[in-house]
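Residue-level structure breakdown
Chain by chain, the residues:
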Amino acid sequence: MFNKHEDFLPIVDELTKQGQKEPYDWDAYAQVFFPKAEELLAEAEKADREDNKEKASEFYLRASAVYRISRFPAPRSEKQRYAWKEGKKAAAKGLALRERPTKEVVIPHKHGLEHEGKQIPFYYHLPPGTTKDKPVPLVIILTGLDGYRTELAVWIEGFSQKDIGVIVLEIPGTGDSPADPKDTVSPEREWSSLFDWLDEQSEVDHKRVAVFSVSTGGYYGIRLAHTHHDRLAGVVALGGGCHHMFDPRWLSSVNHLEYPFDLATTLAYKWGYGDDLETFKKEAMKYSLVEDGTLDRQQCTQLLLVNGVDDEIFPIDDYYECLLRGAPKDVRFVKDKKHMGEPESFGIILKWLYQLFGIEGNPADHLKTIPSRPKY
């Protein structure tokens, strides 16, 4: 996700030297990352002044990657919130300097309630040459619990090369989502605001709009496939959940499984409960798509469910719940893999999306565009 491994080595050394470990002082944790992020920003600004756009873009995005782990797994303290703000600035500069630039768009949250945020910010990318006379299909990427638009933008280049437009935005309770995270139906209001804006974009082929939802975003992808089925050609839910993910027994066990931080507490924070994990565990089942009847709806757009069988973040049992109810779904479970079934899952998903859009393409070529090997 735009990072260079070596950028993190001095950070890890300092965290180890300071003896930092759970439970973290989140401000002290975040502070350790700032010197390296600022060093990378200085390199980016120098390259920018020298008009070396490629180098400047890489260093801005590497700085954003460092800020990302600084505010990981959620910006719960003052310095982590600062890291999110600075990471956004760096990412925006880096993405704008790429050969295929991406811009940030801010639209009104027209369906929001009085107490909710008034704007929805997101990344919006159109391939070069896109016009209203040559509209393109569009993938809407719904981000996860800890990876926001600044990170999931890694997918943009590959889609752009296939002449597919991209939107990347955060789910309720994360990033800059304006939706009330505790309100069970606030997601529908946010997506309705987004789709109303999208209806006005003549450069988009509205018959070929799909959602690619990732991890915790997969929960919202499944929900969206039912609530807004008539506005989408299809939805991918990668590594998501729908029911057992909210079971108090599951939430009482996940802090020491696959996820490297305090997963249950981070989920409580994301759903608007702050650090009150016990209350979240008591009330979380109200978000279940089984309990609220969402999965029993017979109208559902084409929905692909993909995950690793051994997922320890959201149990694979949740996807069985999807298959037992409502309209038929497409599904692929990846054997002997944990959360999201990486890397095999990516090829499965890309091939499905290409077929949905009627596009020829090799997923391997797409995956080569993900910037995992920095040049500088």
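Refer to the structure printed above.
This one's a predicted model, so the numbers in the text were calculated from it and none came from an experiment. (Residues numbered from 1 in each chain as written. Predicted model: local features only at pLDDT ≥ 70, side-chain atom pairs only at ≥ 80, totals over all residues. Heavy atoms only, no water.)

**What to know about the nonpolar core**
- Phe122, Ile140, Ile167, Ile222, Trp271 and Phe280 are the most contacted members of the largest nonpolar core, which totals 79 residues.
- Discounting residues that sit within four places of it in the chain, Phe122 has contacts with Lys103, Glu104, Val105, Ile107, Arg149, Ile167, Val168, Leu169, Leu194 and Trp197.
- Leu61, Ile349, Leu350 and Ile359 belong to the second-largest nonpolar core, a separate cluster that totals 32 residues. (Core = buried A, V, L, I, M, F, W, Y, C linked by side-chain atoms within 4.5 Å. Buried < 20%, exposed > 50% of the residue type's maximum accessible area, 1.4 Å probe, protein only. Contact = heavy atoms within 4.5 Å.)

**A closer look at the pattern of salt bridges**
- Here the structure, examined in full by the defined rule, presents 27 salt bridges.
- Here Asp262 makes a salt bridge to Arg76, at a shortest N to O gap of 3.0 Å. Here Asp262 is found in the loop between helix H10 (248–251) and helix H11 (263–270), whereas its partner Arg76 is found in the loop between helix H4 (53–70) and helix H5 (78–96), with 186 residues between them in sequence.
- Accessibility expressed as a relative area gives 18% for Arg76, which makes it buried.
- Where Asp247 meets Arg249, a salt bridge forms, and the shortest distance between an N and an O atom there is 2.8 Å. (Salt bridge = Lys/Arg side-chain N within 4 Å of Asp/Glu carboxyl O. Helix = DSSP H or I, 4+ residues; strand = E, 2+ residues; numbered from the N terminus.)

**A look at unusual backbone geometry**
- A cis amide bond links Phe72 with the next residue in sequence, Pro73, at an omega value of -5°.
- In this fold, Pro73 is placed in the loop between H4 and H5.
- Put simply, Glu342 and Pro343 share a cis peptide bond, and its omega is -5°.
- In this structure, Asp163 takes a positive phi of about 60° despite not being glycine.
- By secondary structure assignment, the location of Asp163 is in the loop between helix H7 (156–161) and strand E4 (165–169).
- Phi at Ser215 is positive, roughly 55°, even though this residue is not glycine.
- In this structure, Ser215 sits in the loop between strand E5 (204–214) and helix H9 (216–227).

**Quick notes on the side chain of Ser160**
- Tracing the backbone shows Ser160 in helix H7.
- According to the relative accessible area criterion, Ser160 is buried, its value standing at 1%.
- Those residues in contact with Ser160, other than ones at most four positions away along the chain, are Arg100, His125, Pro127 and Pro128.

**Describing the packing of aromatic side chains**
- A full pass over the atoms with the stated rule returns 27 aromatic pairs.
- Ring centres 5.5 Å apart and planes at 70° place the aromatic pair Trp155 and Phe212 in the edge-to-face group. In this pair, Trp155 sits in the loop between helix H6 (149–152) and H7 while Phe212 sits in strand E5, placing the two residues 57 residues apart along the sequence. Each member of the pair, Trp155 together with Phe212, is buried.
- Each ring, one from Phe246 and one from Tyr287, has its centre 6.0 Å from the other, and the planes form 40°; the classification is tilted. Of this pair, Phe246 sits in the loop between strand E6 (234–238) and H10 while Tyr287 is found in the loop between helix H12 (277–283) and strand E7 (302–308), placing the two residues 41 residues apart along the sequence. Across the pair, Tyr287 and Phe246 agree in class, each one buried. (Phe/Tyr/Trp six-rings, centres within 6.5 Å; stacked < 30°, edge-to-face > 60°.)

**Points about the side chain of Asp318**
- Looking at where Asp318 falls in the secondary structure, it is placed in helix H13 (residues 317–323).
- At 3.1 Å, the side chain of Asp318 forms a polar contact with the backbone nitrogen of His243.
- Polar contacts involving the side chain of Asp318 include one to the main-chain amide nitrogen of His244, which spans 2.5 Å.
- Excluding residues within four positions of it along the chain, Asp318 makes contact with Gly241, Cys242, His243, His244 and Met245. (Polar contact = N/O pair within 3.5 Å; in protein donor to acceptor, adjacent residues only side chain to side chain.)

**Here's the deal with the packing of helix H8 (residues 186–198) against H9**
- Running from N to C, H8 and H9 cross one another at 65°; their axes reach a closest spacing of 11 Å. The orientation of H8 with respect to H9, classified from their angle, is roughly perpendicular. Crossing handedness for the pair H8 and H9: right-handed. For the pair H8 and H9, contact is made by Pro187, Glu188, Trp191 and Phe195 and by Tyr220, Arg223, Leu224 and Thr227, respectively.
- A breakdown of the residues in the contact of H8 with H9 according to their chemical character gives five nonpolar, one polar and two charged. (Axes fitted to C-alpha atoms, helices over the stretch in contact; angles between N-to-C directions. Parallel < 35°, antiparallel > 145°, perpendicular 65-115°, else oblique. Left-handed = near helix turned anticlockwise from the far one by under 90°. Nonpolar A, V, L, I, M, F, W, Y, C, P; charged D, E, K, R; others polar.)

**Quick notes on H11**
- The buried fraction of H11 amounts to seven of the eight residues, a majority that puts the element mostly inside the structure.
- Its buried side turned inward, H11 meets H9, H10 and H12.
- Two residues or fewer after H11 comes Gly272, characterised by a positive phi angle close to 90°.

**Side note on the packing of H4 against H5**
- For the pair H4 and H5, the least separation of the axes is 8 Å and the interaxial angle reads 160°. Relative to H5, H4 is oriented roughly antiparallel. Viewed along their axes, H4 and H5 form a crossing whose handedness is left-handed. Along its contact with H4, which presents Ser57, Tyr60, Leu61, Ala63, Ser64, Tyr67 and Ser70, the element H5 presents Gln80, Ala83, Glu86, Gly87, Ala90, Ala91, Lys93, Gly94 and Leu95.
- Class assignment for the residues of the contact of H4 with H5 results in eight nonpolar, six polar and two charged.

**Regarding helix H3 (residues 34–49)**
- If you check H3, its first and last C-alpha atoms are 22 Å apart, about what 16 residues at 1.5 Å a residue would give, namely 22 Å.
- When we look at burial in H3, the residues that qualify are Phe34, Lys36, Ala37, Leu40, Leu41, Ala44 and Ala47. Take H3 and look down its axis: the buried residues cluster within an arc of 160°, on one side only.
- The inward-facing, buried residues of H3 contact helix H1 (9–17), helix H2 (26–31), H4 and H5.
- Asp51 occupies a position one or two residues after H3 and carries a positive phi of about 65°. (Expected span 1.5 Å × (residues − 1). Arc of directions from axis to C-beta.)

Shape descriptors only; they carry no functional weight alone.
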